[in-house]
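Residue-level structural notes
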Amino acid sequence: MIEVKNLSLEIQKAPILRGVNFTIEDHEILGIVGPSGSGKSMTIKSLMGLLPEGSQVSGQVYDGKKEVDIGNFKPFESDTRFCILPQDSMNGLNPYEKLGKQMIKCRKMYGLSQDKASVQELFLELGLPGDEEFLNRYPSSLSGGMRQRVAIALCLAMEPKVLIADEPTTSLDPINQLKFLDHLRDVHKNHGTTLIVISHNIALVSYIANRILVLSQGQVVEEGDSRAILDHPQAPASKEIVYGARELYGGLE
Ligand code: ADP
Ligand code: MG
């Protein structure tokens, strides 16, 4: 369990996050939704220490053992180990390096075994070819959907405890969006990885997440079971995104 307490952020003196509180339970699938600009990405960037210049962050993180100021939280230690899936999968892949080599390098960086078989296994698990020819390919030779699966494999290569997907499907068509979420669900099932799926689209997030946080203007305005929020949104911002999704998807039955 990881508890984020009273997370506040200012960028160039402008308030961005205002006392955000939430927990991430072990092995759960947590969704974070909210309109564009509500602070979803900044919440994650605060945890990962990836804030832009001019940021002032405060708050605490309790990792189940000890509480630290958010600025001292280490997301890459063996018992926290966060991994973010890049929004555009191409950003996470090195275009000049063979797929197999990228995977091995990633494992090396985290002090994990560097045998080829474990890399092949991850590719196969994600429905990619695990043969020598595939290991020797470069990212540019892959379709968008395959690239995204390689990006997942690259995350898994570091054996993360928490995998974060921030607006992961924006560049995919609707069928591939669902396929992608199915892959994430398999990862969750096979590895017990905690997932955080972030999107402005509550229909998409509730396809996979059990519990949802709704952010609005830098605050958590609602939190609960995803079905309950879809059926009976309480906060004005939740109503807005749920009604928007219902209009778009015709009822979400
Ligand atoms: P979301 O991911 O929910 O769409 P963000 O967390 O990216 O929203 O942004 C939250 C707020 O922070 C927005 O008002 C945005 O304008 C502001 N913001 C984002 N990035 C920067 C930055 N580099 N410098 C200053 N303000 C930023
Ligand atoms: Mg964002």
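Notes on the structure in this doc start here. Quick caveat: nothing in here was measured; it's all calculated off a predicted structure.

Calculation notes
Residues numbered from 1 in each chain as written. Chains lettered and ligands numbered in written order. Predicted model: local features only at pLDDT ≥ 70, side-chain atom pairs only at ≥ 80, totals over all residues. Heavy atoms only, no water. Core = buried A, V, L, I, M, F, W, Y, C linked by side-chain atoms within 4.5 Å. Buried < 20%, exposed > 50% of the residue type's maximum accessible area, 1.4 Å probe, protein only. Helix = DSSP H or I, 4+ residues; strand = E, 2+ residues; numbered from the N terminus. Contact = heavy atoms within 4.5 Å. Salt bridge = Lys/Arg side-chain N within 4 Å of Asp/Glu carboxyl O. Near = heavy atom within 4 Å. Polar contact = N/O pair within 3.5 Å; in protein donor to acceptor, adjacent residues only side chain to side chain. Areas by Shrake-Rupley, 256 points an atom, 1.4 Å probe, with all protein chains shown as cover. Phe/Tyr/Trp six-rings, centres within 6.5 Å; stacked < 30°, edge-to-face > 60°.

**What about the nonpolar core?**
Of all hydrophobic cores here, the largest spans 48 residues; its most connected members are Leu85, Phe123 and Leu184. Looking at this core element by element, the count peaks at 9 residues for helix H6 (residues 144–157). Here Leu85 is in contact with Ala151, Ile152, Cys155, Leu163, Ile164, Ala165, Asp166, Phe180 and Leu184, once residues within four sequence places are set aside. Counting residues in hydrophobic clusters, the runner-up holds 25 residues, among them Leu47, Phe82, Val162 and Ile198.

**Details of the pattern of salt bridges**
Inspection of every chain in the model, using the stated rule, returns 11 salt bridges. Glu159 is the salt-bridge partner of Arg107, the closest N and O atoms lying 3.2 Å from each other. Here Arg107, found in helix H3 (residues 99–109), pairs with Glu159, found in the loop between H6 and strand E7 (162–166); they are 52 residues apart in sequence, far enough to count as distant. Accessibility expressed as a relative area gives 5% for Arg107, which makes it buried. Between Asp182 and Arg185 there is a salt bridge, and its shortest N-O distance comes to 3.0 Å. With Asp182 and Arg185 both in helix H7 (residues 174–191) and 3 residues apart, this pair spans about one turn of that helix. Several salt bridges converge on common partners, so that one network encompasses Glu28, Arg211 and Glu223.

**What to know about the site of ligand 1**
Taken together, Ile11, Ile16, Pro35, Ser36, Gly37, Ser38, Gly39, Lys40, Ser41, Met42 and Pro52 form the complete shell of residues around ligand 1. Taking Ser41, its side chain carries an N or O atom lying 2.9 Å from an oxygen atom of ligand 1. Within the backbone of Met42, an N or O atom sits 2.8 Å from an oxygen atom of ligand 1. Protein chains bury 60% of the 560 Å² of accessible surface belonging to ligand 1 in isolation.

**Some words on the packing of aromatic side chains**
The tally for this structure, following the rule as stated, stands at 2 aromatic pairs. Arranged with centres 5.1 Å apart and planes meeting at 90 degrees, the rings of Phe123 and Phe134 form a pair that is edge-to-face. Of this pair, Phe123 sits in helix H4 (residues 116–125) while Phe134 sits in helix H5 (residues 132–135), and the two are 11 residues apart along the sequence. Side by side, Phe123 and Phe134 carry an identical accessibility label, which is buried.

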